[in-house]
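If you want the building blocks of each chain, they are given just below.
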Amino acid sequence: MANSELACVYAALILADDDVAITPEKLTTILKAAGVEVEPYWPGLFSKALESCDLKTLITTVGSGVGAAPAAGAGAPAAGAAAPAAEAAPAKKVESEPEEEDDDMGFGLFD
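Please read all numbers here as calculations on a predicted model, not as lab measurements.

A look at the side chain of Ser47
- For Ser47, the position within the fold is in helix α3 (residues 41-50).
- The exposure class assigned to Ser47 is buried, which follows from its relative accessible area of 8%.
- Apart from the residues within four sequence positions on either side, Ser47 is in contact with Ile22, Thr23, Pro24 and Leu27.

Observations concerning a nonpolar patch on the surface
- Nonpolar side chains collect at one region of the surface, where Tyr10, Leu13 and Ile59 lie side by side and expose about 290 Å² of accessible area between them.
- Of note, Tyr10 is situated in helix α1 (residues 3-17).

Some remarks on the nonpolar core
- With 13 residues, the main nonpolar core has Ala12, Ile22, Leu27 and Leu55 as its most contacted residues.
- Mapped by element, the contributors of at least two residues to this core are α1, α2 (24-34) and α3.
- Looking at which element gives the most residues to this core, the answer is α1, with six residues.
- Setting aside residues up to four positions removed in sequence, Leu55 forms contacts with Ala12, Leu13, Ala16, Ile22 and Leu50.

Section: unusual backbone geometry
- With a phi angle near 55°, Asp19 is a residue other than glycine that sits in the positive phi range.
- Residue position: Asp19 is located in the loop between α1 and α2.

Remarks on the confidence of the model for the chain
- The predicted model of the chain averages 75 in pLDDT, with 58% of residues at 70 or higher.
- The secondary-structure element of the chain with the lowest mean pLDDT is helix α5 (residues 72-88), recorded at 48, while α2 shows the highest, at 94.
- Contacts of residues 75-87 to residues separated by more than four positions or lying in other chains number zero contacts, the stretch itself having pLDDT below 50.

Let's talk about the packing of aromatic side chains
- Going through the model one piece at a time under the given rule, you end up with two aromatic pairs.
- Measuring from ring centre to ring centre gives 6.1 Å for Trp42 and Phe46, while their planes differ by 45°; the resulting arrangement is tilted. With Trp42 and Phe46 both in helix α3 and four residues apart, this pair spans about one turn of that helix.
- On the accessibility criterion, Phe46 (17% relative accessible area) is buried.

Considering α1
- The terminal C-alpha atoms of α1 lie 21 Å apart, and with 15 residues this matches the ideal 21 Å at 1.5 Å per residue to within 8%.
- Taken together, the buried positions of α1 are Ser4, Ala7, Cys8, Ala11, Ala12, Leu15 and Ala16.
- Positive backbone phi, approximately 55°, marks Asp19, located one or two places after α1.

Rules and cut-offs
- Residues numbered from 1 in each chain as written.
- Predicted model: local features only at pLDDT ≥ 70, side-chain atom pairs only at ≥ 80, totals over all residues.
- Heavy atoms only, no water.
- Helix = DSSP H or I, 4+ residues; strand = E, 2+ residues; numbered from the N terminus.
- Buried < 20%, exposed > 50% of the residue type's maximum accessible area, 1.4 Å probe, protein only.
- Contact = heavy atoms within 4.5 Å.
- Patch = residues over 30% accessible without salt bridge, like charges linked within 9 Å, V, L, I, M, F, W, Y side chains within 5 Å.
- Areas by Shrake-Rupley, 256 points an atom, 1.4 Å probe, with all protein chains shown as cover.
- Salt bridge = Lys/Arg side-chain N within 4 Å of Asp/Glu carboxyl O.
- Core = buried A, V, L, I, M, F, W, Y, C linked by side-chain atoms within 4.5 Å.
- pLDDT = per-residue confidence, 0-100.
- Phe/Tyr/Trp six-rings, centres within 6.5 Å; stacked < 30°, edge-to-face > 60°.
- Expected span 1.5 Å × (residues − 1).

In structure tokens, the structure reads:
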């Protein structure tokens, strides 16, 4: 990452930490105060890219992929409530279908 991009990222993080709107003017002010020279289009690009999202939420949800498991505290009561219902219902035996053999296709992975 180039120094200009990194400086804009840090400036945006400073603004987000202070709960200040991220605008090109405010980014430029912080960059000038820090003594960092960037091309004039960088602050505008960063403010435009970040205007539709909440930067604090974005940072705190990094790495929590789609369909991630809920936190242990939230999932524990649901699991505890489901346990008595599972004991009361008789277990059903599920018969699995036989898997097809790869040999039937007439070719292998390394042929």
